[in-house]
Amino acid sequence: MIGYIIRRVTYAIPILIGVNLLTFVLFFFVNSPDDMARLHLGVKRVTPEAIVKWKEDRGYDKPLLYHGSKPGMEKLTDTIFVRHSLKLFVFDFGRSDQGRDIGYDISQRMWPSLAIALPIFIVGIFVQITFAMLLAFFRGSYLDTSGVVLCVAMMSISSLFYVIGGQYLLSLLLRLWPISGYDVGWDAIKFLVLPIIVGVISGIGASTRLYRTFFLEEINKDYVRTARAKGLSELRVLFRHVLKNAMIPILTGVVVVIPLLFTGSLILESFFSIPGLGSYTIDAIHSQDFAIVRAMVFLGSVLYIVGLILTDITYTLVDPRVRFE
Amino acid sequence: MKRPDAIRILLLAISFFASSAAAASWNNPYPEEDAGKNILYSAFRERPKTFDPARSYSSNEYLFIAQIYEPPFQYHYLKRPYTLIPLTAESVPMPIYLDKQGHRLPRDASPEAIAFSVYEIRIRPGILYQPHPAFARDADGRYLYHDLSPRDIEGLRAIGDFPHTGTRELVAADYVYQIKRLAHPKLHSPILSVMNDYIVGMKEYATTLKQAHDEIAVGRDSGVYLDLSKFPLAGAEAVDRYSYRVKLHGKYPQLLYWMAMPFFAPMAPEVDRFFSQPGMADKNITLDWYPVGSGAYTLTVNNPNRQMVMERNPNYHEESYPTEGEPGDGPSGLLLDAGQRLPFIDKVIFNLDKESIPRWNKFLQGYYDRSGVQPEGFDQAIRFTSEGDTDVSDTMKEKGIRLLTSVAASTYYLGFNMLDPVVGGYTERARKLRQAISIAVDFEEQITIFENGRGIAAQGPLAPGIFGYREGRAGINPYVYDWAEGKPRRKPIEYARQLLKEAGYPDGVNAATGNSLSINYETPAIGPERKAQLDWMLKQFKKLGIQLVVRATDYNRFQEKMRKGDAQIFDWGWNADYPDPENFLFLLYGPNKKVGENGENASNYDNPAFNRLFERMKNMENTPERQAIIDQMIDIARRDAPWIWGMHPKQFLLEHAWMSNTKPHNMANNTLKYVRLDPVKREELRAAWNRPVIWPVALVLGVLAAGALPAIVTYRRKERARRR
Amino acid sequence: MPFQIEILWTDFLIFVLMGSILAFGVYTLRHEHLRVPWRQVARRPLAMASLVILCAYVVIGLMDSIHYRPLQDRQNSGEPVYSNVELSLLDKVAMPLRARTEKTYSAPFAMQAYTKETVEYPDGRHAREYPRLLYGGAHLKNEAERGGDIASRAGTATLAGLGFWLLLVGGFLLIRQKREETLAQAAGRLMRGEGDIPWRTVLITVGILIMLATNAGYLSLTYHIFGTDQAGQDVFYKSLKSIRTGLVIGTLTTLVMLPFAALFGIMAGYFRGWVDDVIQYVYTTLSSIPGVLLIAAAILSLQLYIETNPESFTSTTQRADTRLLFLCLILGVTSWTSLCRLLRGETLKLREVDFIQAARALGASHATVMARHILPNVMHIILITVVLDFSGLVLAEAVLAYVGVGVDPTMNSWGNMIVSARLEMAREPIVWWSLTAAFVFMFALVLAANLFSDAVRDAFDPRLRK
């Protein structure tokens, strides 16, 4: 088991190098260091000398990948790529082009992100499973059909509508919670309720429908029939047997997103002014702060790969038949 | 161990709901304990880039640092036209003019004879800096935090982590130190290129500093302290403890305006030294984030991810509310606090709020004290009186909201690239084409639709309130407007079509080739929100039969095209640095071209006659002679039409009934100290406006519960059937 | 010629797509085993109703995909000169809607503007009032006539629609009538819903659509039925124009990624070994980069390309079209990985199956085995993915528009409509119609697509079929 994990982690390294190189190339294809300098130096009265100096200060005056005029290994090492991107592998994110310590900002902004992503995830799964079980319980009835149609309808609504609608209805018309903002500690709760409600509702449709099929698959299996024949009530069958077994595909499906909860939600965070990592990324794209973008991409990739490894481990934990090769 | 935690969370949740149910307003975004305090609430949209007074050059940064750093002069809060008054200085000095040999010249000497002007500024003794760790000393008078080891720095996160603070008297040398910082090789001050031309020895000084810096830095990029006091600068020197002298090449009366901006605020060498210690930058403890000044407020929390807080400076020097203003200021209550000690508000909290809708709605709910008017909320907020003036709407009046308007010292325009073979050039054809387009693009309509009347259509480059601007009939642009019934009226579109025909494009078709005229329009507007405006712009050109190709690009590409001169028509604008016509007219001065010269003349307009007049006008005092020259210049520019003179935006500021002493000022930024608020009244009104509406929620829950009933019935029946 | 046909890149691809769908249809009809699942789809009333709605969208989308440049009035020495604006067939049909722009906002069916304006009377008096619209309800004298006028026009349109529909039903019956049957008997059979295919549902859906179309068409001649936007453009027209954008993003994206996903997925599963390793490496790397960033970078670099080669893009439409195509490409890049993974897994299983082993033993080349034996057996996975992805992509467009990396801002799309309309929610009185129109049009399309794809999945997924 441990050997397997070690192997998976080593396998992740070339992937991360690939990710790093790809983001690097993509970003610099779009954005020359000159552009970055101009954006940071502002609009009024910017001289070419100031741009040259800005690049020198931040090491962006070097060639991107290959430094021809340097001797030996420095041809490869004295470049923007090596100077700026390789440190990521030890999670040294460096400083943003504005001069702030990115690692610190990430550690600060991670918590607001988690504070909405985690409740949405947990409450969401709970609600989705409950609804899916209800539908499975009333399978074939009118309730089931209309429930499924409702799910499809809910899936067909753009997430932007949920946000706009939720904000307008609950915050503006009913004045139940603040429209947007964030605070530290327990004061954060009143800001979080609305985005969490919106987040949960917008996720109900698709997942409920999927989980319903998981339940139905289990319900038609032989052991369930046996249990039912023994005279167990339908509810008990559902909770004792079906739920337990249907949880396996549900859990293995969601494990991969758990690490990514850290990186937050782009839309919710910017609509509700929550200072998390999602809005951090969006801001960085808008202000073309390459250092932050690079850090966030790297972080996202690492978390995704962790998610994949976790998924594999979960498989073996819930199903002993799966063996590591 | 799990159980106590769970119980604690449960209890907290219960107490939260209980407390929020008890409170009148659930949607209050601020902590309960801050209720009733003398705190002003505001919002910021994006994190400011820097608070270093040598670098900062944008209004969202000035909003903060103008309250903290004190340059020698400031603008009078109430008087119009804008008047400079001393802030830390004793008086606004008159320059001494010298000739090449250093002989003193009379005050009315001709500009050509003046080789140098010298300003001697005397500051008031006894002004103290805000408490700051950089000034903290031990019993022996040694600085506590000037030689921090990496171990000392390790545990730090913010400026508040230093236990001791100190202060020091403001001296003239601090002002000189800051002027020297403008040339610092690592700071890239945006005004260095301007000051190079004026301050004696500045250019050479920058080179000296660069060399000196490279010697000590040897490859390090932060944590290098370059003691500027050791390097004398000919154009700026301290005369004694309280006075310093600035020496300029030639005559440059605009310097005094620059000296009312944070670029010329004092910087204590200790502070620079403190922040330059190795390792501080890695902890985000830099001058970019923690300003240190003598102003009315200090920045105590700087978390650009969420919140910035300014608090009253305990060491603030004696300054009182102005006792005189414009004639109308007394009746409108602006002089009620005359002579009172500043500042009035204890604390100002800025919260990060990016989206405009939540910001606007929070203002309406009373959670922000003031708001600019969003175009979206405009109809809700504003109504027009029968005279065409604006006032707040009745619903807002009931809430006691007041509207303050002022025309900003800015201009937004559509520029023609004068280097372009089609729209540019100084031939009669090109001129007529530009004039025709200028008539067709109906900025009055643009202002009504997209700005909701928050602006006035421009007649020329000068914004109202600037010397040289002419009101009324004399001020209209005769190439685009007629004077009718006491106001300017845009010439009819038929006239524009006629001009276009004369230019060789009847109905927008090139008479020579038969191709329809197609013009590229460059704009940095890439968001879908701007689609309506782009559509509108297409409509304007269609009136003449001209095809407009919208090239919406991201900001960098846009800038690049402007630098290369690839544009034909483009969006552009200018916010004045100081209230002098020179600051607008230099935008059309040939040697200040964008292409090649990297100047601010974005349309690359270069008319020798205009250039000559500009050189004469720029250093003059505001005399009738100067007015005459400006009139000539503006007429030349109007005829050549290098810009479609767009609009001067009007700033609409709304404030709640509990605010007082607000008067919009387009030049001054250090205005927070004058403003007053009434927290008790605010508390009452907020509570009245924010009662939650709960019945719909109860209704929905009820319906859901009712909906569950049939399900339960079905289940029961099913179970029974199975048992049977 | 009075016009010059102009084929944009996306137009070309749309017609390629239509062609391949037709070819696939013909191929399916000729092969019994392929027809079976489709017949199953055709038996579901909900799926067929959705298909009708989808077809309506497709027709509008196709009409909007035939572009031409009209002839300019002026001619130069006998050489025809064409305008440099591309119009589509839809623009031509909807010309009244396109041309009639008001000054700014107006509510649906309004005859007065939404905001007050200062109006100057001939006697020099000024007043703030709601001015009459230039086109909306311009034929009416006063507000009182409006309700009656709308009702009578709606009645006329409904009647016309009904008549047209009855003709259609009659024609249908004539075709379907069996030899020994009277027309009345055939109608009865239809009304009772007999037969495999739910024609009754189909015809009712068609009827409703026709009625809606005639009403919308007729009423929009004299009113702005969905109001106007800030620049005074008809929102109904904008919504119609947005249909093509939504369809293009939903279909072309899968079309462009399909060849890669299929090729790589099958190759990885078939060859295993280092080929598998390389392909897995590529798709894991790609899928671990956050999609938004990839899209943002790609869109920005396209912008760069357009700016450096302005001569290739003479009109706003062409620029917007290139950006749309590029968006499809990059969305394809971000979404091919999941299909690739699925195909790889399926191929891994298939290659051990007897008939494939047999084909290998008989000396068939790798290419033949993959193309003749494996591809047809994974076709159902591809099909299911394509239909399932469609609705997701249409929805994704809106989110991308919000992030600022969606389609060109000058292009009509629901995403652009929603993003700009969210600011209108704070107006008072609220401007709700743009948002509502985008919602209705988008919801109907995505819902129909979801319902249809459900049926397709049920029919093709072998796990559910048993």
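Every value quoted in this text rests on a predicted model; they were computed, and no experiment measured them.

A. View of the overall build of chain A. A count of helical and extended segments in chain A gives 14 helices and zero strands. Moving toward the C terminus, one meets the helices and strands of chain A in the order α-α-α-α-α-α-α-α-α-α-α-α-α-α. Relative to a compact globule of 325 residues, whose C-alpha radius of gyration would be 20 Å, chain A shows 25 Å and is clearly more extended. Viewed in the frame of its principal axes, chain A has a C-alpha envelope of about 85 × 60 × 35 Å. The buried share of chain A, taken over its 325 residues, is 57%. Here the contacts in chain A between residues at least 6 apart in sequence split such that 69% fall between residues at least 24 apart.

B. How the structure looks around the pattern of salt bridges. Within the structure shown, the criterion is met by 58 salt bridges over all chains. Between Asp454(C) and Arg209(A) there is a salt bridge, with its nearest N and O atoms 2.3 Å apart. Here Arg209(A) lies in helix H9 (residues 189-219) and Asp454(C) lies in helix H16 (residues 433-460), a pairing that spans two chains. Take Asp454(C) and Arg209(A): they sit in the same class, and that class is buried. A salt bridge links Lys210(B) to Asp214(B), with the nearest nitrogen and oxygen atoms 3.4 Å apart. Here Lys210(B) and its partner Asp214(B) are both found in helix H6 (residues 202-217), four residues apart, which amounts to about one turn of the helix. Given a relative accessible area of 32%, Lys210(B) falls into the partly exposed group. For Asp214(B), a relative accessible area of 42% gives the class partly exposed. Among the charged side chains, a salt-bridge network with shared partners connects Arg209(A), Asp454(C) and Arg457(C).

C. Examining the domain arrangement of chain A more closely. Residue and element names in this part refer to chain A. We note that the domain assignment places domain 1 (2-90) and domain 2 (103-318) within chain A. For domain 1 and domain 2, the distance between their C-alpha centroids amounts to 35 Å. Taken residue by residue, the interface counts 22 residues in domain 1 and 18 residues in domain 2. For the domain 1 and domain 2 pair, buried surface summed over both sides reaches about 1,700 Å², with 75% attributable to carbon and sulfur atoms. Broken down residue by residue, the surface that domain 1 buries against domain 2 is led by Arg8, Phe27 and Leu88, which jointly contribute 29%. Where domain 1 packs against domain 2, one counts zero residue pairs in polar contact (both at pLDDT 80 or more).

D. Layout of empty space enclosed by the protein. Applying the stated rule across the entire model yields nine cavities of 30 Å³ or more. In terms of lining residues, the largest cavity is bounded by 14 residues, among which Ile164(A), Gln167(A), Tyr168(A), Ile357(B) and Met425(C) are the most central. Of all the secondary-structure elements, those providing two or more residues to the lining of the largest cavity are helix H8 (159-173) of chain A together with helix H9 (356-364) of chain B. Per element, the largest residue contribution to the lining of the largest cavity is five residues, and it comes from H8(A). For the lining of the largest cavity, a count of residues per class yields nine nonpolar, three polar and two charged.

E. Fine view of the sheet that holds strand E4 (residues 96-98) of chain B. All names here are of chain B. Strand order in the open sheet made by the five strands is E5-E4-E6-E8-E7, with antiparallel pairing throughout. Strands at the two margins of the open sheet, each flanked by one partner only, are strand E5 (104-105) and strand E7 (236-238). Of the pairings in the sheet, the one linking E4 to E5 comprises two bridges and is antiparallel in character. Among the inter-strand pairings, Leu98 is bridged to a residue of E5, identified as Arg104. Across the sheet, helix H4 (residues 172-181) lies against E7 and strand E8 (243-249), angled at about 30° from E8, the strand it touches most.

F. Region of the structure containing the interface of chain A and chain B. Taken residue by residue, the interface counts 61 residues in chain A and 67 residues in chain B. Taking both partners together, chain A and chain B bury about 5,800 Å²; carbon and sulfur atoms supply 50% of that area. At the boundary of chain A with chain B, the tally comes to two salt bridges. For Arg306(B), the salt bridge is made with Asp183(A), and the minimal N-O distance between the two is 3.6 Å.

G. Region of the structure containing helix H20 (residues 679-689) of chain B. Residue and element names in this part refer to chain B. Of the residues making up H20, those classed as buried are Pro679, Arg682, Arg686 and Trp689. Down the axis of H20, the smallest arc covering the buried residues is 90°, so these residues share one side. Turned more than 90 degrees from where H20 packs its buried face, Val680 and Glu684 sit exposed. Lining the buried residues of H20 we find strand E1 (39-44), H9, helix H11 (394-399) and strand E25 (676-677).

H. Representation of the packing of H9(A) against helix H11 (residues 234-255) of chain A within the structure. All names here are of chain A. Close contact between H9 and H11 brings their axes to 9 Å; oriented N to C, the two are set at 135°. Considered as vectors, H9 and H11 are oriented oblique to each other. At the point where H9 passes H11, the crossing takes the right-handed sense. From H9, Tyr211, Phe214, Phe215, Glu218 and Ile219 reach across to H11, where they touch Leu238, Val242, Leu243, Asn245, Ala246, Pro249, Ile250 and Val254. For the contact of H9 with H11, the residue count by class is 11 nonpolar, one polar and one charged.

I. Focus on a nonpolar patch on the surface. All names here are of chain C. A surface patch of nonpolar side chains, about 850 Å² in accessible area, is lined by Phe3, Ile5, Ile7, Trp9, Phe12, Phe15, Val16, Ile66 and Leu89. Among the elements that line the nonpolar patch, the one with the most residues is helix H1 (residues 9-30), at four residues. Mapped onto the elements, Ile7 comes out in the loop between strand E1 (3-6) and H1. Assessed through its relative accessible area of 61%, Ile7 is described here as exposed.

The rules behind the values
Residues numbered from 1 in each chain as written. Chains lettered and ligands numbered in written order. Predicted model: local features only at pLDDT ≥ 70, side-chain atom pairs only at ≥ 80, totals over all residues. Heavy atoms only, no water. Helix = DSSP H or I, 4+ residues; strand = E, 2+ residues; numbered from the N terminus. Rg over C-alpha atoms; globule rule 2.2 N^0.38 Å. Buried < 20%, exposed > 50% of the residue type's maximum accessible area, 1.4 Å probe, protein only. Contact = heavy atoms within 4.5 Å. Salt bridge = Lys/Arg side-chain N within 4 Å of Asp/Glu carboxyl O. Domains from an automatic or database assignment. Buried area = accessible area lost by both parts, 1.4 Å probe. Polar contact = N/O pair within 3.5 Å; in protein donor to acceptor, adjacent residues only side chain to side chain. 1 Å grid on protein atoms, 1.4 Å probe; cavity = no way out; pocket = protein on both sides within 12 Å on 5 of 7 lines; lining within 4 Å. Points joined across faces, edges and corners; volume = space filled by probe spheres on them. Nonpolar A, V, L, I, M, F, W, Y, C, P; charged D, E, K, R; others polar. Pairing = 2+ DSSP bridges. Axes fitted to C-alpha atoms, helices over the stretch in contact; angles between N-to-C directions. Arc of directions from axis to C-beta. Parallel < 35°, antiparallel > 145°, perpendicular 65-115°, else oblique. Left-handed = near helix turned anticlockwise from the far one by under 90°. Patch = residues over 30% accessible without salt bridge, like charges linked within 9 Å, V, L, I, M, F, W, Y side chains within 5 Å. Areas by Shrake-Rupley, 256 points an atom, 1.4 Å probe, with all protein chains shown as cover.

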